[in-house]
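Close look at the chain arrangement
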Amino acid sequence: YPALSAGTFYDIHENCFLVPLLLWTFFFFEKEKYALMYIFAALTLAVKEDAAVYIIIFALFVILSRKKYLHGAVMLVTAAAYFIIAMNLLDLLGEYYAGVYTNSSANPAINGAMVNRYDNLIFDKSDGIFGVIKTALKNPAYLLTQILSTKNGDFGKLKYLLQMLLPLGFMPFITKKVSRYILILPILVNLLTDYMYQYDIGFQYHFGILAFLFYVTVMNLSELQGSVKRNIITVASVSCFCLYLTTVSPYLQSYLNDWNTNKDMYKDMEKIIDTIPKDASVCASSMLVSHLADREEVYQIEYHDYEDDTDFVVFDTRYKNQDEGIEIYLSKGYSISCEFDNITILIKEK
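Below: a short report on this structure. (Residues numbered from 1 in each chain as written. Predicted model: local features only at pLDDT ≥ 70, side-chain atom pairs only at ≥ 80, totals over all residues. Heavy atoms only, no water.)

1. What to know about the overall build of the protein
The test is simple: Only DSSP runs of H or I reaching four residues or more are called helices, and only runs of E reaching two or more are called strands; each is numbered from the N terminus. Exposed residues in this analysis have more than 50% of their type's maximum accessible area, buried residues have under 20%, and partly exposed residues fall in between, with area computed by a 1.4 Å probe over protein chains only. Note on contacts: a residue pair is in contact if any heavy atoms of the two residues lie within 4.5 Å. For the charge count, each Lys or Arg is scored as positive and each Asp or Glu as negative, with His and the chain ends excluded. A charge is said to be at NZ when it belongs to Lys, at CZ for Arg, at CG for Asp and at CD for Glu.
Counting its secondary structure elements, the protein contains 13 helices and 7 strands. Dimensions of the protein, computed from the C-alpha atoms along their principal axes, are close to 70 × 45 × 45 Å. Counting every position in the protein, which comprises 350 residues, the buried fraction comes to 43%. Summarising the internal contacts of the protein: among those between residues at least 6 apart in sequence, 62% fall at separations of at least 24. Across the protein, the mean location of the 28 positive side-chain charges is 16 Å away from that of the 37 negative side-chain charges.

This is how it looks when you write it as structure tokens:
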């Protein structure tokens, strides 16, 4: 499935966990193993604060379509309570950087949840994410205009819809049971924003949506018969194959070419990183964090506010605008431990 494959080539992201956890939640609901369903629903919530939206939508389906009022109500109330608590905790303790993530003086940290991706729907910034609900209630017509609107005025969202639905033969919509359309609602999470990466299959922001599309596809497909079923499966299979060749294969080829061209450089960078003691605390540029993951204490420079609380700081100098950060750390008592073409390592003076 192109939209799933393409997203896995980008990086490790918490959204990757949504696909298996949601599918197991749906599976145990269908098998009427409700204890396991609740466990996987809870694990889904644990992925991130807005995962609650997916459980709320599933709970509405359980109530309105399957008439399982108790189980639906338990999930609905739990997910809604979790969402409210998580959002309030983020307001108290969380922060993010709008635009290009950097903690420079020109782009200070913003407290709260990362709701700026829905600025097109939030007119009073003090409302936070609940401003989206206010807009939906006060001006539903405007809300509808945002489904296919993009900042660039292009057909990006329409292209995204086709990439998501063609490989499924539009099966999520082929049903006479109107209540199943509830399971398609999660796609609005990506269509209502004007944050371009959320409607780009090269990223992972649609992984939770995919679980719902797969679920409703299986249900609808199981009720189709004869030539209609065969024709739809044929359309889906051909679309899947063609889109894989035109969207996923270029990603894969690009990464393979990059590795073959630069593998000596990457191996040298790994050797340099390995010189940092295993028991040291480290703050590193974003693309180097995963390569330091065997340490107990690792931070990302772009979100660490130049705190001088780690033993080492590692800058990825393949990217521009690193000099300012290096100078700030040097002024805070760090010195250059080693400096190479692509990496500069600072050590904290004792």
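2. Overview of a nonpolar patch on the surface
Defined as follows: Patches here are clusters of residues that have more than 30% relative accessible area and form no salt bridge, with a 9 Å joining cutoff for like charges and a 5 Å cutoff for nonpolar side chains (Val, Leu, Ile, Met, Phe, Trp, Tyr). Note on areas: these come from Shrake-Rupley sampling with a 1.4 Å probe, and a residue is covered only by the protein chains present in the view. In what follows, salt bridge is the name for a side-chain nitrogen of Lys or Arg lying within 4 Å of a carboxyl oxygen of Asp or Glu.
A grouping of Leu148, Phe155, Leu158, Leu162, Phe170 and Phe173 is seen on the molecular surface, where their side chains present a nonpolar patch of about 570 Å² in accessible area. With respect to the element layout, Leu148 can be found in the loop between helix 7 (140–145) and helix 8 (156–165).

3. Digging into unusual backbone geometry
Despite not being glycine, Glu32 has its phi angle at roughly 60 degrees, a positive value. Of note, Glu32 is situated in the loop between helix 2 (18–30) and helix 3 (34–47). In this structure, Lys67 is a non-glycine residue whose phi angle is positive, near 60 degrees. Checked against the element boundaries, Lys67 lands in the loop between helix 4 (52–64) and helix 5 (69–93).

4. Notes on the pattern of salt bridges
Applying the stated criterion to the full structure yields 8 salt bridges. Here Arg180 ties to Glu223 by a salt bridge, and the two come within 2.6 Å at their closest N and O atoms. Taken together, the positions of Arg180 in the loop between helix 8 and helix 9 (188–191) and Glu223 in the loop between helix 10 (207–222) and helix 11 (226–273) put the pair 43 residues apart, joining distant regions of the chain. Overall, the relative accessible area of 41% leaves Glu223 in the partly exposed class. Residue Lys278 pairs with Asp294 through a salt bridge whose shortest N-O separation is 2.8 Å.

5. Overview of the sheet that holds strand 7 (residues 343–348)
As a reminder, the rule being used: Note: two strands are recorded as paired if DSSP finds a minimum of 2 bridges between them. In this description, a line fitted to the C-alpha atoms serves as the axis of each element, helices being fitted only across the stretch in contact, and the angle between N-to-C directions of two axes falls anywhere from 0 to 180 degrees.
If you walk across this open sheet you meet the 5 strands as 4-3-5-7-6, and the pairing is mixed. Looking along the sheet, the strands with just one partner apiece sit at the ends: strand 4 (298–300) and strand 6 (334–339). Going from strand to strand, the sheet's axes swing by 25 degrees on average, the running direction of each strand aside. Examined bridge by bridge, strand 3 (residues 282–284) and strand 4 share 3 bridges and lie parallel to one another. Note that in strand 4 the partner of Cys283 across the bridge is Tyr299. This element, helix 11, spans strand 5 (312–316), strand 6 and strand 7 of the sheet and lies at about 5 degrees to strand 7.

6. Observations regarding the packing of helix 4 against helix 10
Applied cut-off: Oblique is the label for any angle not covered by the other classes, which are roughly parallel (under 35 degrees), roughly antiparallel (over 145) and roughly perpendicular (65 to 115). Helix crossings get a hand from a simple test, with the near helix turned counterclockwise from the far one by less than a right angle marking a left-handed crossing and a clockwise turn marking a right-handed one. Residues are grouped as follows: Ala, Val, Leu, Ile, Met, Phe, Trp, Tyr, Cys and Pro are nonpolar; Asp, Glu, Lys and Arg are charged; every other residue, Gly included, is polar.
Running from N to C, helix 4 and helix 10 cross one another at 20 degrees; their axes reach a closest spacing of 11 Å. With respect to their mutual orientation, helix 4 and helix 10 come out roughly parallel. In terms of crossing hand, the pair formed by helix 4 and helix 10 is right-handed. Side by side, helix 4 and helix 10 meet where Tyr54, Ile57, Phe58 and Phe61 of the first sit next to Gly208, Ile209, Phe212, Tyr215 and Met219 of the second. Here the contact of helix 4 with helix 10 is built from residues that sort into 8 nonpolar, 1 polar and no charged.

7. Some details on the packing of helix 3 against helix 4
Their axes nearest at 8 Å, the elements helix 3 and helix 4 cross at an angle of 145 degrees. Counted together, Met37, Ala41, Thr44 and Leu45 of helix 3 and Ala52, Ile55 and Phe58 of helix 4 form the full contact between these two elements. Residues of the contact of helix 3 with helix 4, tallied by class, amount to 6 nonpolar, 1 polar and no charged.

8. Comments concerning the environment of Ala284
Here Ala284 is to be found in strand 3. Taking the C-alpha atoms as reference points, Ala284 and Val47, 237 residues apart in sequence, are found 24 Å from one another. Beyond its immediate sequence surroundings of up to four residues, Ala284 is in contact with Val289, Leu292, Tyr299, Gln300, Ile301, Glu302 and Val314.

9. As for the layout of surface pockets
Rule in force here: Buriedness for pockets is judged along seven lines, at least five of which must meet protein on both sides within 12 Å for an open set on the 1 Å grid over protein atoms alone, while cavities are sets there where a 1.4 Å probe fits but cannot get out, and lining residues have an atom within 4 Å of a point. Grid points are joined across faces, edges and corners, and a volume is the space filled by probe spheres set on the points.
In this structure, the second largest pocket spans a volume of roughly 260 Å³. Residue lining of the second largest pocket: 15 residues in total, with Gly156, Lys159, Met196, Tyr199 and Asp200 positioned closest to the centre. By residue number, the principal contributor to the lining of the second largest pocket is helix 8, which donates 3 residues. Here the residues of the lining of the second largest pocket sort into 4 nonpolar, 6 polar and 5 charged.

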